[in-house]
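The residues making up each chain are set out below.
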Amino acid sequence: MSDTQTKVKLTTTLGEIVIQLNSEKAPVSSANFLTYVNEGFYNGTIFHRIIPDFMAQGGGFDTSFNQKAVHAPIKNEANNGLSNNRGTIAMARTPDPDSATAQFFINYKDNSFLNHTSPTPNGWGYAVFGEVIEGMDVVDAMAKQPTGNRGPHQDVPKTDIVIEKAEVIK
């Protein structure tokens, strides 16, 4: 990815994470993520699901664990040639391939089973749209936080890991 690609800084309670988007290979997912960033949507949200050696998921719940209202779902771009490798960021979704809205996850390791294999419900995969270029140590630190259940949710950090601010940077 070139230096002309958009970068987003997530300032969290554990430190800063800088993500470089790949709007060339994932234009829909990148634009969708930027819409939420520019609206201030992610400010005050938490990483609500962290599974060490798998991924850290955020972008949907506030610190009271209320799910935030989102825009319409976007088209799944998992067939863009980008892989769910360590440090990449991808769109979270329900079993419906075209259901991603605001939630995203950062891969802790190469998760090839999340990659696109075919245009079927089981083969669609999860759309990678960028990668962490600074602050992977912060993402790794998240995996060391104790987790538990919170209501019906599992793998929730016992101490909130808050995205205090998400902003586009140069």
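Since this is a predicted model, take the numbers as computed values, not measurements.

Draft legend 1. Expanded view of the layout of surface pockets. By volume, the largest pocket amounts to about 340 Å³. If one sorts the elements of the lining of the largest pocket by residue count, strand β4 (residues 55-62) sits on top with three residues. Of the residues that constitute the lining of the largest pocket, the class distribution is 10 nonpolar, seven polar and three charged.

Draft legend 2. Structural detail: the packing of aromatic side chains. Using the criterion set out here, one finds 11 aromatic pairs in the structure. Seen in terms of ring centroids, Tyr36 and Tyr42 are 5.9 Å apart; in terms of plane orientation they differ by 50 degrees. Their pairing is tilted. Exposure remark for Tyr36: the relative accessible area of 1% places this residue in the buried category. Between Phe105 and Tyr126, the aromatic rings sit 5.9 Å apart at their centres with planes inclined by 70 degrees, giving edge-to-face as the arrangement. Residue Phe105 is found in strand β6 (residues 104-107), and its partner Tyr126 is found in the loop between β6 and β7 (128-134); the two are separated by 21 residues along the sequence.

Draft legend 3. Fine view of empty space enclosed by the protein. All chains considered together, the criterion is met by one cavity of 30 Å³ or more. Put simply, the largest cavity is a space of about 50 Å³. Considering the residues around the largest cavity, the lining is formed by Ser29, Ile74, Lys75, Asn76, Glu77, Met91, Arg93, Pro97, Asp98, Ala100, Tyr126 and Ala127.

Draft legend 4. How the structure looks around the pattern of salt bridges. According to the stated counting rule, one finds five salt bridges in the structure shown. Notably, a salt bridge pairs Lys9 with Glu167, separated by 3.8 Å at the nearest N-O pair. In this pair, Lys9 is assigned in strand β1 (residues 7-12) and Glu167 in strand β10 (residues 162-169), connecting sequence segments 158 residues apart. Two residues, Glu167 and Lys165, come together in a salt bridge whose shortest N-O distance is 3.5 Å. On the basis of relative accessibility, which here comes to 40%, the residue Lys165 falls in the partly exposed class. Linked by salt bridges that have partners in common, Lys9, Glu16, Lys165 and Glu167 make up one network.

Each value, and the rule that gives it
- Residues numbered from 1 in each chain as written.
- Predicted model: local features only at pLDDT ≥ 70, side-chain atom pairs only at ≥ 80, totals over all residues.
- Heavy atoms only, no water.
- 1 Å grid on protein atoms, 1.4 Å probe; cavity = no way out; pocket = protein on both sides within 12 Å on 5 of 7 lines; lining within 4 Å.
- Points joined across faces, edges and corners; volume = space filled by probe spheres on them.
- Helix = DSSP H or I, 4+ residues; strand = E, 2+ residues; numbered from the N terminus.
- Nonpolar A, V, L, I, M, F, W, Y, C, P; charged D, E, K, R; others polar.
- Phe/Tyr/Trp six-rings, centres within 6.5 Å; stacked < 30°, edge-to-face > 60°.
- Buried < 20%, exposed > 50% of the residue type's maximum accessible area, 1.4 Å probe, protein only.
- Salt bridge = Lys/Arg side-chain N within 4 Å of Asp/Glu carboxyl O.

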